[in-house]
Amino acid sequence: MSITAALGVWGAWAVGSGIPQLIAAVRQRRSGGQVPQILSGGISVLAGAGFLAQAFQGAGNIAGVGGYATLGGIFFLISAIRLSILLRKAA
């Protein structure tokens, strides 16, 4: 496997997982806590498209994947905290 192939697979996965995440978060935005998920889904689509473009150009640097994964984890953590606070207030 080459770095180019890894970027291509990662990019396809990011786009493929970002689109449903974005759609689900927009549909459920009234329940609260979904803004981080909307941002995360949108960033996944954009970053995935960027990774795919790098793969098609034959890029040999995969360093951006680490930043993307870290940012996604932060968004999920923020969303989980927000949703747990909203659920506690509702209870």
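Read on for a plain summary of the structure. Small disclaimer: the values here were computed from a predicted structure and weren't measured.

**What about the nonpolar core?**
- Ranked by size, the top nonpolar core spans 7 residues in total: L7, A14, A47, F51, A55, V65 and Y68.
- Among the secondary structure elements, those contributing two or more residues to this core are helix 1 (3-27), helix 2 (35-56) and helix 3 (64-90).
- The leading source of residues in this core is helix 2, at 3 residues.
- Sequence-distant contacts of L7, defined by excluding residues within four places in its chain, comprise F51, L52, Q54, A55, A59, N61, I62 and V65.

**Details of helix 1**
- Taking 1.5 Å per residue, 25 residues should reach 36 Å; helix 1 reaches 36 Å between its end C-alpha atoms and fits that length.
- Buried within helix 1 are the following residues: L7, G8, G11, A14, G18, Q21 and A25.
- On its buried face, helix 1 sits against helix 2 and helix 3.

**What to know about the environment of A80**
- With respect to the element layout, A80 can be found in helix 3.
- Given a relative accessible area of 44%, A80 falls into the partly exposed group.

**Let's talk about the packing of helix 2 against helix 3**
- Remark: helix 2 packs on helix 3, axes separated minimally by 9 Å, with the N-to-C direction vectors making an angle of 165 degrees. With respect to their mutual orientation, helix 2 and helix 3 come out roughly antiparallel. The hand of the helix 2/helix 3 crossing is left-handed. In this structure, helix 2 uses V35, P36, Q37, L39, S40, I43, S44, A47 and F51 to contact helix 3, whose residues at the interface are G64, V65, Y68, L71, G72, F75, F76, I78, S79 and R82.
- When its residues are assigned to classes, the contact of helix 2 with helix 3 shows 12 nonpolar, 6 polar and 1 charged.

**A few points about the packing of aromatic side chains**
- Per the counting criterion, the structure on display carries 3 aromatic pairs.
- Look at F51 and Y68: their rings are 5.7 Å apart centre to centre, the planes differ by 80 degrees, and that puts the pair in the edge-to-face class. Residue F51 is found in helix 2, and its partner Y68 is found in helix 3; the two are separated by 17 residues along the sequence. Each member of the pair F51 and Y68 is classed as buried.
- Among the aromatic side chains, those forming a connected cluster through ring pairs are W10, W13, F51 and Y68.

**Some points on the side chain of Q37**
- Within the secondary structure layout, Q37 lies in helix 2.
- Side-chain polar atoms of Q37 contact the side chain of S79, separated by 3.5 Å.
- Beyond its immediate sequence surroundings of up to four residues, Q37 is in contact with Q21, A25, F75, F76 and S79.

Calculation criteria
- Residues numbered from 1 in each chain as written.
- Predicted model: local features only at pLDDT ≥ 70, side-chain atom pairs only at ≥ 80, totals over all residues.
- Heavy atoms only, no water.
- Core = buried A, V, L, I, M, F, W, Y, C linked by side-chain atoms within 4.5 Å.
- Buried < 20%, exposed > 50% of the residue type's maximum accessible area, 1.4 Å probe, protein only.
- Helix = DSSP H or I, 4+ residues; strand = E, 2+ residues; numbered from the N terminus.
- Contact = heavy atoms within 4.5 Å.
- Expected span 1.5 Å × (residues − 1).
- Axes fitted to C-alpha atoms, helices over the stretch in contact; angles between N-to-C directions.
- Parallel < 35°, antiparallel > 145°, perpendicular 65-115°, else oblique.
- Left-handed = near helix turned anticlockwise from the far one by under 90°.
- Nonpolar A, V, L, I, M, F, W, Y, C, P; charged D, E, K, R; others polar.
- Phe/Tyr/Trp six-rings, centres within 6.5 Å; stacked < 30°, edge-to-face > 60°.
- Polar contact = N/O pair within 3.5 Å; in protein donor to acceptor, adjacent residues only side chain to side chain.

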